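Understanding the architecture of this molecule
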Amino acid sequence: MIKPNVEFDIITDIGVDFLKENNIKGLILDVDNTLIDLSRNKIDGLDDWIDSIIKSGIKIAVVSNGRKKKQIDLLTKKHGLIYVFFALKPFKSGIKKAKKELNLCYNEIAEIGDQIFTDVWVSNRTKMFSILTKPVEMEKSFLQKFKRRIEDLYKARNWGK
């Protein structure tokens, strides 16, 4: 079954204490609808949250299925973060690249993302700690709405929600 270890409303709700209590030494962060909204704006408080994570000694890599390196550069250069773009999640190749750069074991890494069938699935298959957040903004395209509906049905059937 594809189910996250834990769910949060938004990434900035995830505190350093929670991560340390769960032996998390590194984070792999999804981009679209996790760190930024559909208009490509960073969520409120993201820079402060990233700063607090870095100051705690937890390493961060940004991994996106997006193909636009420029977009990821805007998010990562300010903080000097590792990034992998066009990661092809739920395949493992992009995650493996990030893990290698983080220089940590999978069980010391948490992946944070908003999608069950990409983020959570690859996290669980690699034995990382999986954290599901709600999407920052609801998608407007038919395909994205359809995908979210499938996720909702899956959750209702398998998670008892």
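Our structure is the block above this text.
Residues numbered from 1 in each chain as written. Predicted model: local features only at pLDDT ≥ 70, side-chain atom pairs only at ≥ 80, totals over all residues. Heavy atoms only, no water.

1. A word on the pairing of strand β3 (residues 59-63)
In terms of burial, β3 is largely enclosed, as four of its five residues are buried. Both strand β2 (residues 26-29) and β3 contribute to a ladder of four bridges, which runs parallel. Along β3, the bridge assignment pairs Leu-27 with Ile-60. This β-α-β element, β2 to helix α2 (residues 46-55) to β3, shows right-handed connectivity. In the sheet, β3 pairs with strand β4 (residues 82-84) via three bridges, with the strands oriented parallel. The residue of β4 that forms the bridge with Val-63 is Val-84. (Buried < 20%, exposed > 50% of the residue type's maximum accessible area, 1.4 Å probe, protein only. Helix = DSSP H or I, 4+ residues; strand = E, 2+ residues; numbered from the N terminus. Pairing = 2+ DSSP bridges. Right-handed = clockwise from strand over helix to strand, strands pointing away.)

2. Structural notes on the nonpolar core
Counting residues in each nonpolar core, the largest one holds 26 residues, and the members touching the most others are Ile-11, Leu-27 and Trp-49. When contributions to this core are tallied by element, the ones reaching two or more residues are α1 (16-21), β2, α2, β3, α3 (69-76), β5 (109-113) and β6 (129-133). Broken down by element, the residue count for this core peaks at four residues, all from α2. If we ignore the near neighbours within four places in the chain, the residues touching Leu-27 are Leu-19, Trp-49, Ile-53, Ile-58, Lys-59, Ile-60, Ala-61, Leu-102, Ile-109, Ala-110 and Ile-112. Counting 13 residues, the second-largest nonpolar core is a separate cluster that includes Ile-28, Ala-87, Ile-95 and Leu-102. (Core = buried A, V, L, I, M, F, W, Y, C linked by side-chain atoms within 4.5 Å. Contact = heavy atoms within 4.5 Å.)

3. Focus on the pattern of salt bridges
Overall, the coordinates contain eleven salt bridges when judged by the stated rule. With a shortest N-O distance of 2.3 Å, Asp-114 and Arg-148 are connected by a salt bridge. Taken together, the residues span a long stretch of sequence, with Asp-114 in the loop between β5 and α5 (116-125) and Arg-148 in helix α6 (residues 142-158) at a distance of 34 residues. Since its relative accessible area comes to 2%, Asp-114 is described here as buried. Accessibility expressed as a relative area gives 5% for Arg-148, which makes it buried. Each of the salt bridges in this network shares a partner with another, and the network as a whole consists of Asp-30, Lys-89, Glu-111 and Asp-119. (Salt bridge = Lys/Arg side-chain N within 4 Å of Asp/Glu carboxyl O.)

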